[in-house]
Amino acid sequence: MAVGGIVVSNVGRNYDGGGINAFVVVTCLVAAMGGLIFGYDLGISGGVTSMEPFLKRFFPSVYKKMSDESVRQNEYCKFDSQLLTLFTSSLYLAALAASFSASVITRSYGRKVSMLIGGVVFFVGSILNGAASNIAMLIIGRLLLGVGVGFANQSVPLYLSEMAPPKIRGALNIAFQMAITIGILVANFVNYGTAQIKGGWGWRLSLGLAAVPAVMLTVGAVFLPDTPNSILERGHPEEAKEMLQKVRGASNVDEEFQDLVEACEAAKKIQSPWKNILQPKYRPQLTICFLVPFFQQLTGINVIMFYAPVLFKTLGFGDDASLISSAITGVVNVLATIVSIVSVDRFGRRVLLLEGGSQMVICQVAVAIIIGLNFGVTGEGTMTKAEADLLLVLICGYVAAFAWSWGPLGWLVPSEICPLEIRSAAQAINVSVNMFFTFIIAQVFLAMLCHLKFGLFFFFAAFVIIMTVFIFFFLPETKNVPIEEMNRVWKAHWFWGKYIPDDAVIGHHDNNEKTPNVV
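All of these numbers come straight from a predicted model, not from anything done at the bench.

Caption draft 1: Main features of the overall build of the protein. Of regular secondary structure, the protein possesses 23 helices and 2 strands. In the form shown here, the protein has an accessible surface area of approximately 18600 Å², with 67% of it arising from carbon and sulfur atoms.

Structure, rendered in C-alpha cells:
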C-alpha cells in the first residue's frame, strides 16, 4: 500500500502462535465498555442543556433570553452563555488533568486498575449531577465525571491495542469508539424520553442514569485480566507469558513474547517517560499523538455531539424535533462505526481517514451554504421542511464520515504506534490534547456560533482540509503490524525514517526478517 511516498509490505514478523479466540474477543468487548461513559456524557449534556426546566433552574439568564421575543430574532446567539458552556466543558478540563495521574497509575499498577478508578469516580459524579440543587454541586459532579473519563480514555485504548492480535487489532480497538457511539445514541433516546416527563424533573433522570455505564465499567474492570505487556512491565515474566498464551489461544508464542521482553527491557532503562518522549527518535510518535487528537477535535464533530439538540433548535426545529433529529444522527453514528470495524483491518487506516476527511469537507461546506442562504448574517429567517430535511441529511453524512474515520481512528492510531517505554506517556498526551481541545471547542462553540454564524462550518472545514493533507503525507499505514514491531513502519517512511535509529527496530539484527520496501 502506498504510504506517503513508500510502499509497506510484509512488515515485521508473522507470529506463528494462535489466532482469534473467544477469550480475547470477550475480554476486549468488556474493556471497551469504558467508552460508554464518555459517549453517554457526550450525548446527554447537549440534550439536558436544551431542556427548559433545567435552564430555568440553573441558567435563568439563558432561559430569559430564550423567552424574550425581542432577543430571539438572532437565532445564532440565543444560547450564548459562558456559564452554560462551562457546564459542558468543565468535564473535559478535569479529564485533561486526570490523564496525567492516570498515566502514572496505568504504568505502575496496570490498565485494569485505571479502568476501575475511572468507573468508580464517574459513578460518584453521576449521582451528584442527578441530585444537584445548585450550580456548584452541578459543576463538582461534572468535574468528577471528567476524572472518570480521563482514567477510562487513558487505559481502555491501550488495553485493547495490547490484548488484540495484530490482524484484528483495529476492529477490537474500534470497539471503544463503538461503545462511545452507543452511549451517545442511548443518551439521545433517554433525553427524548425524559423531556416528556411532567413536572420538569426529567433532566435529573438523564444525568443520574450515567451511573449505569459507570457500574458496567467498574464491574467489568474487576473481572478483567491485565495485558501481557503490563504484567511484564511490572516484573512478572512467567505470568505475562501465560497470559499471552491465553490471549493468543496457543502455546507457541515465543517470538512475540521475546519481542515483548525486548520492549520491556528497553522500557526499564527509561527513568522518565516524559523526558524520554522528547528525544528525536520518538519525534514521529510525539507528533502523531499530539496532532491526531488535535485534528480530531478541529473537525467540529463536538459541535454536533455536544449541542445537536441546541443546534437543531437554533436552526428552527421544534423542541421534540430537535431531540429526534439528534437521535437520528446518533443512529447514523453507530451504523457508520460498524463500517469502520469491518473495514479498518482490511483496507487500512489511511484509506478511511482520507475518505472520511473528504466527505466531511463536502458536507460542512454544504451545511454552511444552506444556513447562510436561510439565516444570513443577521440570524433572521426560517427554513422550509425540505431545507431542514436536507440539512439533517448533510449533517448525517458528516457524522457518518467522522464515525468511520476520525472518530475511531483518532483513538486507535495513537494507541498502537508507540513502543512500550513511552506508551503510557504518549497515551496521556493523546488524551490530554483531546480533552484540552474538546474543552476549548465546548467552551467557545456557542460564542463562535453567535459571532461567526454560518461561517463556523467553513472554519471547521478548513481544518479538515489541512488534516487530510497531513494524513496523506505523514501517516504511514499500520494495519496488521505487531504493536512491538511498529518502529519498522516509521523507519521505512520517507520523512520519519531519519529520526529512527537502527537499534530502535526490534529484531533488526535478524537478516532473515522481511523489511519494508521503499519506493
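Caption draft 2: Fine view of the packing of helix 2 (residues 34-48) against helix 10 (residues 211-223). At a minimum axis separation of 8 Å, helix 2 and helix 10 run at an interaxial angle of 165°. Relative to helix 10, helix 2 is oriented roughly antiparallel. For helix 2 against helix 10, the interelement crossing comes out left-handed. Along its contact with helix 2, which presents Gly 34, Leu 36, Ile 37 and Tyr 40, the element helix 10 presents Pro 213, Ala 214, Met 216 and Leu 217. Considering only residue class, the contact of helix 2 with helix 10 consists of 7 nonpolar, 1 polar and no charged.

Caption draft 3: Representation of the pattern of salt bridges in the model. Tallied over the full model, the rule gives 14 salt bridges. A salt bridge links Glu 162 to Arg 423, with the shortest nitrogen-to-oxygen separation between them at 2.8 Å. One end of the pair, Glu 162, is in helix 7 (residues 135-163); the other, Arg 423, is in helix 21 (residues 420-452), and 261 residues separate them in sequence. Among the salt bridges present, the one from Arg 488 reaches Glu 485, with a minimum N-O distance of 2.9 Å. The exposure classification of Arg 488 matches that of Glu 485, with both residues buried. When salt bridges that share partners are traced, they join Arg 107, Arg 111, Glu 162, Glu 233, Arg 423 and Glu 484 into one network.

Caption draft 4: Just the packing of aromatic side chains, in detail. One pass over the structure, following the stated rule, counts 28 aromatic pairs. Between Phe 54 and Trp 203 the ring centres are 5.5 Å apart and the planes differ by 65°, which places this aromatic pair in the edge-to-face class. Here Phe 54, found in helix 3 (residues 52-58), pairs with Trp 203, found in helix 9 (residues 202-208); they are 149 residues apart in sequence, far enough to count as distant.

Caption draft 5: Here's a closer look at empty space enclosed by the protein. Counted under the stated rule, the structure contains 6 cavities of 30 Å³ or more. In this model, the largest cavity occupies a volume close to 160 Å³. Leu 42, Gln 177, Ile 301, Asn 302 and Phe 402 are, among the 16 residues lining the largest cavity, the residues nearest its centre. Elements with a minimum of two residues in the lining of the largest cavity: helix 2, helix 8 (169-194), helix 15 (283-297), helix 16 (301-314), helix 20 (406-416) and helix 21. Grouping the amino acids of the lining of the largest cavity by side-chain chemistry returns 8 nonpolar, 8 polar and no charged. A volume near 90 Å³ is recorded for the second largest cavity. In this structure, the second largest cavity is lined by 15 residues; those nearest its centre are Glu 162, Arg 248, Glu 256, Leu 260 and Ile 483. Counting only elements with at least two residues in the lining of the second largest cavity, the list comes to helix 7, helix 11 (228-233), helix 12 (237-248) and helix 13 (254-268). Residue classes in the lining of the second largest cavity are distributed as 8 nonpolar, 2 polar and 5 charged.

Caption draft 6: Representation of the confidence of the model for the protein in the model. Looking at the protein as a whole, its pLDDT mean stands at 84, while 87% of the residues score no less than 70. Confidence drops under pLDDT 50 across residues 1-12; counting only partners more than four residues distant or on other chains, this segment forms 45 contacts. Segment residues 508-519 is flagged for pLDDT under 50; beyond a separation of four residues in sequence, or across chains, it makes 26 contacts in the model.

Caption draft 7: A look at the environment of Ile 395. Relative to the elements of secondary structure, Ile 395 occurs in helix 19 (residues 385-403). Along the sequence, Ile 395 and Met 360 sit 35 residues apart, while their C-alpha atoms lie 9.1 Å from each other. When sequence neighbours within four positions are dropped, the list of residues in contact with Ile 395 reads Ile 304, Phe 312, Thr 329 and Val 367.

Caption draft 8: Unusual backbone geometry, seen in detail. A positive phi is found at Lys 453, a non-glycine position, where the angle reads about 60°. Position of Lys 453 among the secondary structure elements: in the loop between helix 21 and helix 22 (455-474). Within the chain, Asn 480 stands out as a residue other than glycine whose phi angle is a positive 65°. Along the chain, Asn 480 falls in the loop between helix 22 and helix 23 (487-492). By relative accessible area, Asn 480 is classed as partly exposed at 34%.

Caption draft 9: Examining helix 10 more closely. Compared with an ideal rise of 1.5 Å per residue, which puts 13 residues at 18 Å, helix 10 spans 19 Å between its outermost C-alpha atoms and is within 8% of the ideal. The complete set of buried residues in helix 10 reads Ala 211, Pro 213, Ala 214, Leu 217, Thr 218, Gly 220 and Ala 221. Looking at the buried positions of helix 10, the neighbouring elements they touch are helix 1 (22-32), helix 2, helix 6 (111-130), helix 7 and helix 9.

The rules we used
Residues numbered from 1 in each chain as written. Predicted model: local features only at pLDDT ≥ 70, side-chain atom pairs only at ≥ 80, totals over all residues. Heavy atoms only, no water. Helix = DSSP H or I, 4+ residues; strand = E, 2+ residues; numbered from the N terminus. Areas by Shrake-Rupley, 256 points an atom, 1.4 Å probe, with all protein chains shown as cover. Axes fitted to C-alpha atoms, helices over the stretch in contact; angles between N-to-C directions. Parallel < 35°, antiparallel > 145°, perpendicular 65-115°, else oblique. Left-handed = near helix turned anticlockwise from the far one by under 90°. Contact = heavy atoms within 4.5 Å. Nonpolar A, V, L, I, M, F, W, Y, C, P; charged D, E, K, R; others polar. Salt bridge = Lys/Arg side-chain N within 4 Å of Asp/Glu carboxyl O. Buried < 20%, exposed > 50% of the residue type's maximum accessible area, 1.4 Å probe, protein only. Phe/Tyr/Trp six-rings, centres within 6.5 Å; stacked < 30°, edge-to-face > 60°. 1 Å grid on protein atoms, 1.4 Å probe; cavity = no way out; pocket = protein on both sides within 12 Å on 5 of 7 lines; lining within 4 Å. Points joined across faces, edges and corners; volume = space filled by probe spheres on them. pLDDT = per-residue confidence, 0-100. Expected span 1.5 Å × (residues − 1).

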